[in-house]
Amino acid sequence: MGLFSDIYNTVAKFFRPQEEQGDASKSVATNRLKLVLMQDRTNLTPKILEQMRGELIDLLSRYVELDKELLELNFEQEGEQVALMLSIPVIRAKDEEEIEAALKEEAEKLAEKAEELETSSEEEEEDVSEIFVRVNSGGVSLKQNDFILTLLSLYWDEGRKEIEEFSKESTFPTKGKTTSYNQITTVAAQDLIRVVMAYAFDRARLKYGYKLLRGADFDKRGAVDGELRIQRFDTLKDKLPDVLDVHSWHEFLKAIMNAGYLSGDLILSGNAIFYSYAFYLIAKHRFHASYNENMHLTSLWFFYASLVSLYTGSFESTVESHLNSIKDLSTLKEYKDFILSRVNERLTNDYFDITLVGSEGLAVSGKGNNAWNAYVAALNIMDAKILFSKSNLLVSKLFEPGTDGNRKSLEKHHLFPKAHMKAQGYTDAKINQMANYAFIDWKDNMDILDDAPSVYYPIVCEGRSDEEILRMEEENALPHGWENMPYEDFLVERRKLMAAKIKQAFDLLKKNVE
């Protein structure tokens, strides 16, 4: 990337208005652009160097008119360094309209070339990728969603602009207008590409989505059919408005919040959001689920997907398997049975009793994982009050913006204090176990929270009835008598209670679907 960045910056500086360059530039006798680029340890062959020469000329010719007959380009090698010396006579700089027209023409030619190459079964993927990589400003590797966006630019530019506008508006609030902006997530164009490919075409692997929009006939070894491309773009034009409907988008986000995930801080996988959104749209438009039915189905699915890290690793194959399972369904009941069967298959009693309390769940250290986030979501679902609070403030209120409109007021606290545990010889990994954390609301005397729990907890409980203490402990998954337990025993017992709290919330979400 460095080679072409140097070229771009040099060209930009060369054509910057004179007043920005100072008096020195006014003394330049001729419009001769000179570049000296160093590349270490290249060992470039003459063939590669000649190829570079041609590509550099093509690159610069997009933006300036060159006198190619007088162009001087030499390569000088000293040890392990190669100096690329360019002296380029510039006749004039092209205006923006010329550049835009030339780039558009080149893109159309590349598309035609790609179509020709796609008829070849052996070289299809590599050659098409090479074409798009070469046109992408200096060789930055493109992803499959970039290919799809390029197709949109060529065949339905309005659709691409709508996707980009939806994405842009998700990053800031707009006064007096409902947009994609929300407190859960921002949106990138690639996210919307994934949603629409899943919703409209039952595809999760974007490389197949690209071929599909190109018009590939999969029954004829991928040969491109212009009529198929038109049909599929018609489908895209029909389905994309559903994806970009801001009212559907915000209805879906309410389903995520109904699952207890009140903040983007609790969601580690953006894929979980956007593939769940695709399923939400499928339920709404294909199976005609009502608002409440879809709310409960989506809440259950998102809680499950987030808890088990469904959309990590080889997630495209997972999603495609699910899409294949539901594309032949015809009724909402069948779709509901699919959701329940997948969820029940994974979230068994053994999962909650064994897996969730082990190293794949809550028996880890750090700032948080999907198991911890599911626990917090469960607290939100169950309307748990904040630990130690003397008010009726719920944990869910801690996820609302603070008084400054940005910083949240929640505070995660070590139940067995860090300073106390350090003095006992415990490592950070053991101190920062998920089971040693809780959200608290205690402002009277913060210093006491640095003492052993056997010291500070009785003070916290002063003035509370036994019934109030038991309710507070139950709501926050604390074993009764925890303050006097050996630390290792406390961790084991609290993990069990945290897993039980997650199961309690899961059962409630499932009951709403059943």
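All values reported here derive from a predicted model rather than from experimental measurement.

A look at the overall build of the protein chain
Next, step 1: A count of helices and strands for the protein chain gives 22 helices and eight strands.
Next, step 2: Out of the 514 residues belonging to the protein chain, those deemed buried represent 45%.
Next, step 3: For the protein chain, restricting intrachain contacts to residue pairs at least 6 apart in sequence, the fraction spanning at least 24 positions comes to 69%.
Next, step 4: Split by element, the accessible area of the protein chain, about 26300 Å² in all, is 47% carbon and sulfur.

Remarks on empty space enclosed by the protein
Next, step 1: In total, this model carries three cavities of 30 Å³ or more according to the counting rule given.
Next, step 2: Together, Y261, L266, I267, L268, S269, A272, A305, S306, S309, L310 and N370 line the largest cavity.
Next, step 3: Along the lines of polarity and charge, the residues of the lining of the largest cavity split into seven nonpolar, four polar and no charged.
Next, step 4: Here the second largest cavity is characterised by a volume of approximately 40 Å³.
Next, step 5: At the level of elements, α6 (144-155), α8 (189-201) and α10 (226-243) are the ones that each hand at least two residues to the lining of the second largest cavity.
Next, step 6: Top contributing element to the lining of the second largest cavity by residue count: α8, with three residues.
Next, step 7: Across the lining of the second largest cavity, the residue classes break down as ten nonpolar, no polar and no charged.

Observations regarding the packing of aromatic side chains
Next, step 1: In the structure shown here, the tally under the stated rule is 31 aromatic pairs.
Next, step 2: Ring geometry for F287 against Y335: centres 5.0 Å apart, planes inclined by 25 degrees, an arrangement best described as stacked. Of the two residues, F287 is situated in the loop between α12 (270-286) and α13 (291-307) and Y335 in helix α15 (residues 332-346); the sequence distance between them amounts to 48 residues. This pair shows no difference in class: F287 is buried, exactly as Y335 is.
Next, step 3: Ring pairs connect the aromatic residues F388, F416, Y426, Y456, Y457, W482, Y487 and F490, which therefore count as one cluster.
Next, step 4: In this arrangement the basic side chain of R203 is found over the ring face of F218, its NZ or CZ atom lying 5.3 Å from the centre.
Next, step 5: The ring of F352 has K503 sitting right over it, with the charged end atom 5.9 Å from the ring centre.

Some words on the packing of α6 against helix α9 (residues 206-214)
Next, step 1: As a packed pair, α6 and α9 sit with axes 8 Å apart at the nearest point and diverge in direction by 20 degrees. Taken together, the axes of α6 and α9 lie roughly parallel to each other. Considering only the axes of α6 and α9, their crossing is left-handed. Residues Q144, N145, F147, I148, L151 and Y155 of α6 touch α9, and the partners they reach there are L206, K207, G209, Y210, L213 and R214.
Next, step 2: Here the contact of α6 with α9 is built from residues that sort into seven nonpolar, three polar and two charged.

Some remarks on the side chain of S306
Next, step 1: You can see S306 is positioned in helix α13.
Next, step 2: Under the relative-accessibility criterion, S306 is labelled buried at 7%.
Next, step 3: The residues contacting S306, other than those within four sequence positions of it, are Y261, A272 and N370.

Points about unusual backbone geometry
Next, step 1: With phi around 55 degrees, D202 is a residue other than glycine that occupies positive phi space.
Next, step 2: Topologically, D202 is positioned in the loop between α8 and α9.
Next, step 3: Judged by relative accessible area, which is 15%, D202 ranks as buried.
Next, step 4: The backbone of D383 shows a phi angle near 55 degrees, a positive value even though the residue is not glycine.
Next, step 5: Counting through the fold element by element, D383 comes out in the loop between α17 (370-381) and β7 (412-414).

Parameters and conventions
- Residues numbered from 1 in each chain as written.
- Predicted model: local features only at pLDDT ≥ 70, side-chain atom pairs only at ≥ 80, totals over all residues.
- Heavy atoms only, no water.
- Helix = DSSP H or I, 4+ residues; strand = E, 2+ residues; numbered from the N terminus.
- Buried < 20%, exposed > 50% of the residue type's maximum accessible area, 1.4 Å probe, protein only.
- Contact = heavy atoms within 4.5 Å.
- Areas by Shrake-Rupley, 256 points an atom, 1.4 Å probe, with all protein chains shown as cover.
- 1 Å grid on protein atoms, 1.4 Å probe; cavity = no way out; pocket = protein on both sides within 12 Å on 5 of 7 lines; lining within 4 Å.
- Points joined across faces, edges and corners; volume = space filled by probe spheres on them.
- Nonpolar A, V, L, I, M, F, W, Y, C, P; charged D, E, K, R; others polar.
- Phe/Tyr/Trp six-rings, centres within 6.5 Å; stacked < 30°, edge-to-face > 60°.
- Lys NZ or Arg CZ within 6 Å of the ring centre and 35° of its normal.
- Axes fitted to C-alpha atoms, helices over the stretch in contact; angles between N-to-C directions.
- Parallel < 35°, antiparallel > 145°, perpendicular 65-115°, else oblique.
- Left-handed = near helix turned anticlockwise from the far one by under 90°.

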